[in-house]
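A closer look at the structure
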Amino acid sequence: MGHGIAQIFAVQGYEVFLTDINEKILEHGLRNIQNNLALLAENGIVRAEEVEAALGRVKAAKSLEQAVRTAQFVFEAVSENLDIKQNLFEKLDTLCLPDAILATNTSVISITEIAAKAKRRDRIVGTHFWNPPYLIPLVEVVPGRDTSLQTMDAVFDLLKEVGKRPVKLMKDVPGFVGNRLQHALWREAISIVEQGIADAATVDEVVKMSFGARLPVLGPLENADMVGLDLTLQIHDYILAHIECSPLPSPLLVQKVKDNELGFKTGQGFQKWNPEGREQLRRRLLEHLVDWNRKS
């Protein structure tokens, strides 16, 4: 996520420092930016002459201090660990310029909790990019309890300027909007498999070939308005009692993790994955997103 976010700003003319505590990961990130830009140039999303210019704007910094010393905006993309994020923002609060804005790319953790150890919590904000960030336009801009309106506005305006589709949330809640919706769907999908209603491949096929096909142009609340809220209420009166509502992870999911059935990582998850199948699915996804960006 870090190198993808850096790429967005470099393409739009910003000087960017990219840093990591692992030098190999840092080098890998720089190579990925080069490969990503080549792909975008091949598909006409960026001009070929912009690639070298963008690459020239990304500098590798071997220390956090070097990376943030003169930065006006800092985007964090470390692992989803509250302690690590809290300690990092406490440190950033002392290292960065007094007026620098500090943004976390967490996808689910409370912004208020992440900012808890910092003194200048008014300048800490959530910016949840989606993977891959250079191809998916949305960024959720999330306030912590102490985030100032000026910080929210500045980040929102910056993201619009570099071509993203930012949305402002009004509350700091775990999972924000996108992941609350996504994982509500995943919970029901896993439950359907667990109950023997359908296998995993069928569940995925149903989603992709039915309401999933409408989602790029018809959101769920637009859909409810289209069919009528009276009909929506009638459906909910009947169906909600039958939908998975457990506050705990599915026992099937827990067991698969215990059995080291982790999906792509191990070749077995809800479905079996050989190297060719994994690569084919990744390629189809990338081709779909590139084509979507080219047409938009």
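The coordinates are above.
Everything in this summary refers to the structure shown in the same document. Everything numeric here is computed off the predicted structure, so don't read it as measured data.

For the rest of this paragraph, the subject is the nonpolar core. Residues Phe 9, Val 125 and Leu 159 are the most contacted members of the largest nonpolar core, which totals 30 residues. Among the elements that line this core, the one with the most residues is helix α1 (residues 2-11), at five residues. Beyond its immediate stretch of four places on either side in the chain, Phe 9 contacts Tyr 14, Val 16, Phe 75, Leu 158, Leu 159 and Val 162. The next biggest cluster of nonpolar side chains, apart from the first, holds 16 residues, and it includes Ala 61, Ala 67, Phe 89 and Leu 92.

Turning to the packing of aromatic side chains, a few remarks are in order. In total, this model carries four aromatic pairs according to the counting rule given. Each ring, one from Phe 75 and one from Phe 129, has its centre 5.9 Å from the other, and the planes form 80°; the classification is edge-to-face. Pair noted here: Phe 75 is in strand β3 (residues 73-76) and Phe 129 is in strand β5 (residues 124-129), with a separation of 54 residues, a long-range link. Members of the aromatic cluster, joined through ring pairs, are Phe 9, Tyr 14, Phe 75 and Phe 129. One residue, Lys 168, lies across the ring of Phe 156, its end atom 5.0 Å from the ring centre.

Judged by side-chain polarity, Met 226, Val 227, Leu 231, Ile 235, Tyr 238, Ile 239, Leu 240 and Ile 243 come together as a nonpolar surface patch covering roughly 740 Å² of accessible area. Contributions of two or more residues to the nonpolar patch are made by α11 (220-227) and α12 (229-239). Sort the elements by how many residues they give to the nonpolar patch and α12 lands first, with four residues. Tracing the sequence through the fold places Val 227 in helix α11.

Moving on to the packing of α11 against α12. Two elements in contact, α11 and α12, have axes separated by 6 Å at closest approach and are oriented at 105°. Here α11 lies roughly perpendicular to α12, going by the angle between them. Contacts between α11 and α12 involve Ala 224, Asp 225 and Val 227 on the former and, on the latter, Leu 229, Leu 231 and Thr 232. For the contact of α11 with α12, a count of residues per class yields four nonpolar, one polar and one charged.

Conventions used here
Residues numbered from 1 in each chain as written. Predicted model: local features only at pLDDT ≥ 70, side-chain atom pairs only at ≥ 80, totals over all residues. Heavy atoms only, no water. Core = buried A, V, L, I, M, F, W, Y, C linked by side-chain atoms within 4.5 Å. Buried < 20%, exposed > 50% of the residue type's maximum accessible area, 1.4 Å probe, protein only. Helix = DSSP H or I, 4+ residues; strand = E, 2+ residues; numbered from the N terminus. Contact = heavy atoms within 4.5 Å. Phe/Tyr/Trp six-rings, centres within 6.5 Å; stacked < 30°, edge-to-face > 60°. Lys NZ or Arg CZ within 6 Å of the ring centre and 35° of its normal. Patch = residues over 30% accessible without salt bridge, like charges linked within 9 Å, V, L, I, M, F, W, Y side chains within 5 Å. Areas by Shrake-Rupley, 256 points an atom, 1.4 Å probe, with all protein chains shown as cover. Salt bridge = Lys/Arg side-chain N within 4 Å of Asp/Glu carboxyl O. Axes fitted to C-alpha atoms, helices over the stretch in contact; angles between N-to-C directions. Parallel < 35°, antiparallel > 145°, perpendicular 65-115°, else oblique. Nonpolar A, V, L, I, M, F, W, Y, C, P; charged D, E, K, R; others polar.

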